2 protein chains.
Amino acid sequence: MQQRGGNGGRVTIAEVAERAGVSTATVSRVLSGRGQASAEMRRRVQKAADDLGYRVNSIARALRNSRTDTVGMVVPSITNPFFTSLVESVEHALGREGKELFLCDAQSDPEVEARRLASLVARNVDGIIVSPSHGTASGPAVQETADRLPLVQLDRFVGGTDTDWVGVDDIAAMRQVVDHLHEGGARSAAFVGSRLTNSSSEQRLEGFRRRAADLGMAVRDAWILLDDYTVEWGEAAVAELAAGSPGGPPDAIVCADDLIALGVTRACRAHGIDVPGRVQVTGFDNIEFARLGEPALTTVDQPRDRIAAEAVRLLAAAAEAAAGGDAAPGSRAHIALVPHLVVRDSTRAGGPR
Amino acid sequence: MQQRGGNGGRVTIAEVAERAGVSTATVSRVLSGRGQASAEMRRRVQKAADDLGYRVNSIARALRNSRTDTVGMVVPSITNPFFTSLVESVEHALGREGKELFLCDAQSDPEVEARRLASLVARNVDGIIVSPSHGTASGPAVQETADRLPLVQLDRFVGGTDTDWVGVDDIAAMRQVVDHLHEGGARSAAFVGSRLTNSSSEQRLEGFRRRAADLGMAVRDAWILLDDYTVEWGEAAVAELAAGSPGGPPDAIVCADDLIALGVTRACRAHGIDVPGRVQVTGFDNIEFARLGEPALTTVDQPRDRIAAEAVRLLAAAAEAAAGGDAAPGSRAHIALVPHLVVRDSTRAGGPR
DNA sequence: ATGAAAGCGCTAACAA
DNA sequence: TTGTTAGCGCTTTCAT
């Protein structure tokens with residue numbers, strides 16, 4: 001119908017103004033609900049806008065306001081169920097503030113990640129939530145972005161950066177895991193994780209080692225297996241473990257995430273290793289599929305909603321500080337929430353039977 | 001450092017121009033790579049930009065160009081692995097065109113979906129890819145959006161709309177499924193799907209019914225169970241099936257997606273029903289977890305990359321047509337790709353044994 | 001209460 | 001080749 005400019009025929013505020021016989025200023029005031037306007041004006045403007053099918057052009061609005069009401073989020077992989085559920089939580093938390101989410105997938109590649117971050121900056125998002133792909137390589141891009149915009153790191157934390165962070169206390173979590181396994185009778189244990197390229201992995205291994213040592217559990221070097229956060233790696237690790245353990249496998253296999261644990265339990269089944277009878281297995285994250293494993297996985301539940309809420313809160317605070325003209329970066333917050341253990345069937349709850 | 005306006009201290013093209021001692025037009029030409037500029041100019045401008053840490057403000061650029069190089073995508077649920085992998089495919093296809101993806105989750109709710117679509121329009125995305133949440137309720141919002149922007153429906157199709165569509169031929173897919181089960185010895189079958197609120201569900205049931213009838217397989221009304229695309233529903237359905245089948249369960253259970261099938265196989269295990277010995281089970285989509293079922297699922301593999309590529313192609317074509325000033329909507333394309341069966345362990349390949 | 005007008009940062013005619 | 005300038009659609013002083 002309305003054909004104008006290179007605009008694809010979109011109705012502008014000027015057209016609404018003309019039809020209503022008022023100025024563009026009045027239309028803006030009425031439609032954005034700011035400022036005063038008589039009831040009569042409101043009615044007329046509203047009608048004209050409805051008749052024309054007017055929709056605000058948020059690009060123009062963003063340029064004028066230098067605010068987009070949009071938060072960018074970058075995750076290592078959108079196909080990892082843990083991150084998708086985290087995204088969901090963040091989206092809900094943002095929705096409560098009337099903000100929207102611009103989601104980017106970094107494909108677990110720091111270079112792609114850097115491009116995504118740059119693009120989010122160019123788009124003037126109000127803030128950025130990022131779960132860095134790599135424990136060191138992600139550093140420069142993350143820091144550079146944080147220098148320009150409010151930014152909070154989620155779940156994982158990159159070395160060499162100075163930004164807000166929200167995640168779980170991996171050390172405390174692993175302590176619960178190892179204690180539980182020990183109660184279930186485990187006196188030796190293996191750890192299957194990802195290469196130490198991100199903080200989660202490092203911290204979880206560290207927490208595992210520390211508590212296992214405390215309890216005097218046997219942990220051989222050959223039982224620390226690091227590669228990838230994938231089901232395939234979990235499966236392969238069991239083969240390595242079986243091959244590399246002359247005296248038989250350890251009593252327990254602690255996995256750095258649920259995908260790995262799912263692979264581990266699957267391979268155990270294939271190798272005829274009874275879980276939890278012969279070997280106890282634990283995961284981490286409590287993704288939806290964790291309960292679907294055979295047996296259902298004992299794992300660590302991450303308080304996603306809480307993590308998301310805290311992140312959004314920090315972002316809002318940072319935005320406010322920036323708007324207040326605080327050139328100096330305020331102090332940073334590192335918020336570690338303590339997750340809880342979800343006991344299912346892949347461990348021997350309540351001691352040996 | 002640079003503090004200016006309400007801009008958060010971002011460097012503008014004017015500042016770069018000043019530092020380089022040239023006009024803003026020259027800076028624009030150099031940095032966007034369009035138009036001519038001497039080597040000397042390019043050097044000077046580039047240096048000034050680098051020194052200042054200039055980054056283009058894509059909001060301003062978008063307002064000027066009325067193009068954002070961004071495509072919006074709306075999926076029913078970001079936690080459904082099928083959609084996330086579809087998103088990944090779309091992102092890759094878009095990346096090849098230098099475009100980015102703005103992803104929205106409709107939470108399987110047509111109202112949320114309508115809001116997302118409106119927001120994408122407001123943001124001036126160049127086009128929209130949507131997998132509608134509901135077979136009828138999604139109609140008005142989708143059509144209204146399609147009237148304003150290039151839009152293609154993916155996977156699912158809403159009744160009462162006139163837009164491009166790319167997906168799979170569900171009828172042909174189901175034919176393959178039923179044939180395979182029949183070869184495996186099945187003479188009766190149940191169907192577990194979602195309430196008939198979307199085209200996939202409808203089509204798949206229709207395809208199932210038709211082929212089962214062709215082959216003379218028994219299909220009782222009590223064996224058509226419709227609720228949700230969830231694992232939980234798959235589990236519940238088995239209980240209903242067991243309770244409601246005096247003469248014993250059917251020889252096969254055809255599921256409308258892999259999540260349901262995963263629930264079904266799990267419940268069968270719990271009920272001591274051997275799969276595929278007593279009952280054969282099939283899924284649909286071939287999500288990553290399909291092979292992790294116990295037994296691994298026979299399912300229908302959707303050609304995601306192909307679907308994504310076609311969608312992006314259609315969008316580009318529509319954008320071009322729109323730019324060419326074609327006010328009249330061109331003819332619509334409905335592209336149905338034929339998926340192929342992936343045979344794993346939940347069915348009896350090659351006839352009864 | 002309403003309107004006129006400036007300007008957010010960028011690009012593309014058009015001039016020089 | 002380079003510069004001047006208008007203007008994308010919106011919001012917001014500042015007058016009236």
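Residues numbered from 1 in each chain as written. Chains lettered and ligands numbered in written order. Predicted model: local features only at pLDDT ≥ 70, side-chain atom pairs only at ≥ 80, totals over all residues. Heavy atoms only, no water.

Of the regular secondary structure elements, chain A holds twelve helices and twelve strands. Its C-alpha radius of gyration of 26 Å places chain A more than 25% over the 20 Å reference for a compact globule of 353 residues. Seen through its C-alpha atoms, chain A measures out along the principal axes to roughly 90 × 40 × 35 Å. When contacts within chain A are restricted to residue pairs at least 6 apart in sequence, those whose partners lie at least 24 apart make up 71%. When the accessible surface of chain A is totalled, it reaches about 14500 Å², and 49% of it is carbon and sulfur. (Helix = DSSP H or I, 4+ residues; strand = E, 2+ residues; numbered from the N terminus. Rg over C-alpha atoms; globule rule 2.2 N^0.38 Å. Contact = heavy atoms within 4.5 Å. Areas by Shrake-Rupley, 256 points an atom, 1.4 Å probe, with all protein chains shown as cover.)

The next thing to look at is the relation of the copies chain A and chain B. At an RMSD of 0.1 Å, chain A and chain B line up after a rotation of 180 degrees and a shift of 0.0 Å along the axis. Those values place the two copies in the arrangement expected of a two-fold rotation axis. Of the interface residues in chain A, 96% have counterparts in chain B that sit at the interface too, so the contact is made through matching surfaces. (Least-squares fit on C-alpha atoms with pLDDT ≥ 70 in both.)

Right, let's get into the interface of chain A and chain B. The interface of chain A with chain B comprises 55 residues on the first partner and 54 residues on the second. Between chain A and chain B the total buried area reaches about 4900 Å² when both faces are included, carbon and sulfur atoms providing 46% of it. When residues of chain A are sorted by the area they lose upon contact with chain B, Arg55(A), Ile59(A) and Phe289(A) head the list and together hold 14% of the total. Counting across the chain A and chain B interface gives 14 salt bridges. As a salt-bridge pair, Glu100(A) and Arg123(B) come within 3.5 Å of each other at their nearest N and O atoms. Summed over the shared surface of chain A and chain B, the number is 26 residue pairs in polar contact (both at pLDDT 80 or more). For the side of chain A that touches chain B, the elements supplying multiple residues, two or more each, are helix 4 (58–65), helix 5 (81–95), strand 2 (100–105), helix 6 (110–122), helix 10 (231–243) and helix 11 (258–271) of chain A. By residue number, the principal contributor to the side of chain A that touches chain B is helix 5 of chain A, which donates seven residues. Residues belonging to the side of chain A that touches chain B are distributed by class as follows: 20 nonpolar, 17 polar and 18 charged. (Buried area = accessible area lost by both parts, 1.4 Å probe. Salt bridge = Lys/Arg side-chain N within 4 Å of Asp/Glu carboxyl O. Polar contact = N/O pair within 3.5 Å; in protein donor to acceptor, adjacent residues only side chain to side chain. Nonpolar A, V, L, I, M, F, W, Y, C, P; charged D, E, K, R; others polar.)

On to the UniProt feature "domain: HTH lacI-type" (unreviewed entry) in chain A. UniProt records the feature "domain: HTH lacI-type" (unreviewed entry) at residues 11–65 of chain A, using the numbering of this structure. The span residues 11–65 of chain A is 71% helical and 0% strand by assignment, and the distance between its end C-alpha atoms comes to 20 Å. (UniProt positions renumbered as here; feature names shortened; annotations may be inferred.)

To continue, consider the pairing of strand 6 (residues 189–194) of chain B. All names here are of chain B. Burial analysis of strand 6 places six of its six residues in the buried class, which makes it a mostly covered element. With four bridges connecting them, strand 6 and strand 8 (residues 252–255) associate as parallel partners. By the bridge assignment for strand 8, Ala-190 is matched with Ile-253. Examined bridge by bridge, strand 6 and strand 7 (residues 224–227) share four bridges and lie parallel to one another. Residue pairing for strand 7: Phe-191 is matched across the bridge by Ile-224. Each parallel crossover has a hand, and the one from strand 6 via helix 9 (residues 199–214) to strand 7 is right-handed. (Buried < 20%, exposed > 50% of the residue type's maximum accessible area, 1.4 Å probe, protein only. Pairing = 2+ DSSP bridges. Right-handed = clockwise from strand over helix to strand, strands pointing away.)

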